[in-house]
Amino acid sequence: MTDVEVLTAADIPLMQGLAQRVTATRPDLISAGASYGELAWIWGQGRAAYGTTWPRRLWSSGDELVAWGWAFLPRQVRRNDGSVTDVTGASLSYQVHPDHTELVDEVIEWYDGVAASLERTVLPTAADEFALKRWAAHGYETDVEALGDTGDWTQLNERVLADVERPVLPAGFRFRTADEAGPEDAVRAHVDAWTPSAYTAQSYKDVRQTAAYRGDLHVLVEAPDGTMASSTIMWLDEANKTVEFEPVGTHPDYRRLGLARAMMLHGMHLARAAGATHATVVCRGAPGHPEARGLYYGLRFRELSRDAPLIKTTTAG
């Protein structure tokens, strides 16, 4: 590996600053995992377990960050049910400011250096025609498997926060915030929704320590029996007056009751009160994953951009 420096907590606000500047002019160019909220969420929930496998490189122009690359190298993922997955390939999150497209090749060359001999994947946005041509020139091809009917590529959805309807919960359910419920219930809500999960109390502690996290914008739905049945974190980008929902999840025993819909409507009202005029949320875009997309479309979100999954095998030149 070359030019290896591991990602630190101090890097995240710098990378979020670039996300804010790109969002202000070309939100369709925000790469997967590179949005203001995703950066904080991915860093927090995985830092303790995987931080040593996260090399990064930053590019600056004067005092301003204009590009970054964050590689995810082989690791073991341990979940709460005892299962273990060996991740043997590499993946990349990255962002390049549209005024500095000359750095795309440097990002690619750096990634090929730190992930040499590994299968490499990356998820540029489909709107970035220049970057797609440069990735192709370096031997990256369309990831056919990722684009299949059950592939894991994502799309970014948006809506304006005007005319937000009032949320309606089933009898006996109520809204809570993480500040009110406390860390134990906040962690339990996430693990229950996403089980089997690698999320832990340490994960949530690290999420809370990111500058972007607000416990009053971390919303939960409490069931009559005290179970935290649904939860979401909202990440408020004050510079762009936009809020991002990430993650959104519901306990399997409480699905199809309208809880996630009501929770997100409630969250939109909280976001408006905090100054947001616009909201985003990511979902898997493949035809075989219609549930979340249907929820968000029903809440008047519409697609803004989508991933263009690419892959480079170990034998590619």
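An account of the accompanying structure is given in this report. (Residues numbered from 1 in each chain as written. Predicted model: local features only at pLDDT ≥ 70, side-chain atom pairs only at ≥ 80, totals over all residues. Heavy atoms only, no water.)

Turning our attention to the packing of aromatic side chains. A ring pair, where both rings are aromatic, is described by two values, the distance of the centres and the angle of the planes. Going through the model one piece at a time under the given rule, you end up with 13 aromatic pairs. Look at Trp-54 and Trp-70: their rings are 5.1 Å apart centre to centre, the planes differ by 75°, and that puts the pair in the edge-to-face class. Note that Trp-54 is positioned in the loop between helix 2 (36-50) and strand 2 (55-61) and Trp-70 in strand 3 (residues 64-72), a separation of 16 residues in sequence. Taken individually, Trp-54 and Trp-70 each receive the classification buried, so the pair is uniform in this respect. Arranged with centres 6.4 Å apart and planes meeting at 20°, the rings of Tyr-111 and Tyr-140 form a pair that is stacked. With a gap of 29 residues between them, Tyr-111 in helix 3 (residues 104-114) and Tyr-140 in the loop between helix 4 (129-137) and strand 8 (141-142) connect regions that are remote in the sequence. (Phe/Tyr/Trp six-rings, centres within 6.5 Å; stacked < 30°, edge-to-face > 60°. Helix = DSSP H or I, 4+ residues; strand = E, 2+ residues; numbered from the N terminus. Buried < 20%, exposed > 50% of the residue type's maximum accessible area, 1.4 Å probe, protein only.)

With that settled, consider empty space enclosed by the protein. Applying the stated criterion to the full structure yields two cavities of 30 Å³ or more. Taken as a whole, the largest cavity encloses approximately 150 Å³ of empty space. Lining the largest cavity are 15 residues, with Thr-23, Ser-35, Thr-242, Glu-244 and Thr-280 positioned closest to its centre. Contributing elements (two or more residues each) for the lining of the largest cavity: helix 2, strand 12 (228-237), strand 13 (242-250) and strand 14 (278-284). No other element matches the three residues that strand 13 contributes to the lining of the largest cavity. Per-class residue counts for the lining of the largest cavity are seven nonpolar, six polar and two charged. Forming the walls of the second largest cavity are Trp-41, Ala-186, His-190, Tyr-199, His-218, Ser-231, Thr-232, Ile-233 and Pro-247. (1 Å grid on protein atoms, 1.4 Å probe; cavity = no way out; pocket = protein on both sides within 12 Å on 5 of 7 lines; lining within 4 Å. Points joined across faces, edges and corners; volume = space filled by probe spheres on them. Nonpolar A, V, L, I, M, F, W, Y, C, P; charged D, E, K, R; others polar.)

One open sheet accounts for seven strands, arranged 1-2-3-6-7-16-8; its pairing is mixed. Edge positions in the sheet fall to strand 1 (5-6) and strand 8, since each has one partner strand and no second. Bridge count between strand 1 and strand 2: two bridges; the pairing is antiparallel. From the neighbouring strand, Glu-5 faces strand 2, where its bridge partner is Arg-56. Here helix 3 sits on the sheet in contact with strand 2, strand 3, strand 6 (90-96), strand 7 (120-122) and strand 16 (310-312), set at roughly 160° to strand 6. Those strands touched by helix 4 are strand 6, strand 7 and strand 16, and its axis lies near 140° from that of strand 6. (Pairing = 2+ DSSP bridges. Contact = heavy atoms within 4.5 Å. Axes fitted to C-alpha atoms, helices over the stretch in contact; angles between N-to-C directions.)

Turning next to the environment of Val-207. Relative to the elements of secondary structure, Val-207 occurs in helix 7 (residues 201-208). Judged by relative accessible area, which is 0%, Val-207 ranks as buried. Spatially, the C-alpha atom of Val-207 lies 6.9 Å from that of Ala-40, the residues being 167 residues apart in sequence.

Attention now goes to the nonpolar core. With 37 residues, the main nonpolar core has Met-15, Trp-68, Trp-70, Tyr-204, Val-207 and Trp-235 as its most contacted residues. Residue assignment for this core shows that the elements contributing at least two residues are helix 1 (11-25), helix 2, strand 3, helix 5 (178-181), helix 6 (183-194), helix 7 and strand 12. With seven residues, helix 2 is the largest single contributor of residues to this core. Residues Met-234, Val-243, Leu-259 and Met-264 belong to the second largest nonpolar core, which totals 29 residues. (Core = buried A, V, L, I, M, F, W, Y, C linked by side-chain atoms within 4.5 Å.)

What follows is about the layout of surface pockets. In this structure, the second largest pocket spans a volume of roughly 160 Å³. Every residue lining the second largest pocket is counted, 15 residues in all, and those nearest its centre are Ala-49, Tyr-50, Ala-198, Thr-200 and Ser-203. Secondary structure elements with two or more residues in the lining of the second largest pocket: helix 2, strand 4 (75-78) and helix 7. Examining the composition of the lining of the second largest pocket, we find that seven residues originate from one element, helix 2, more than from any other.

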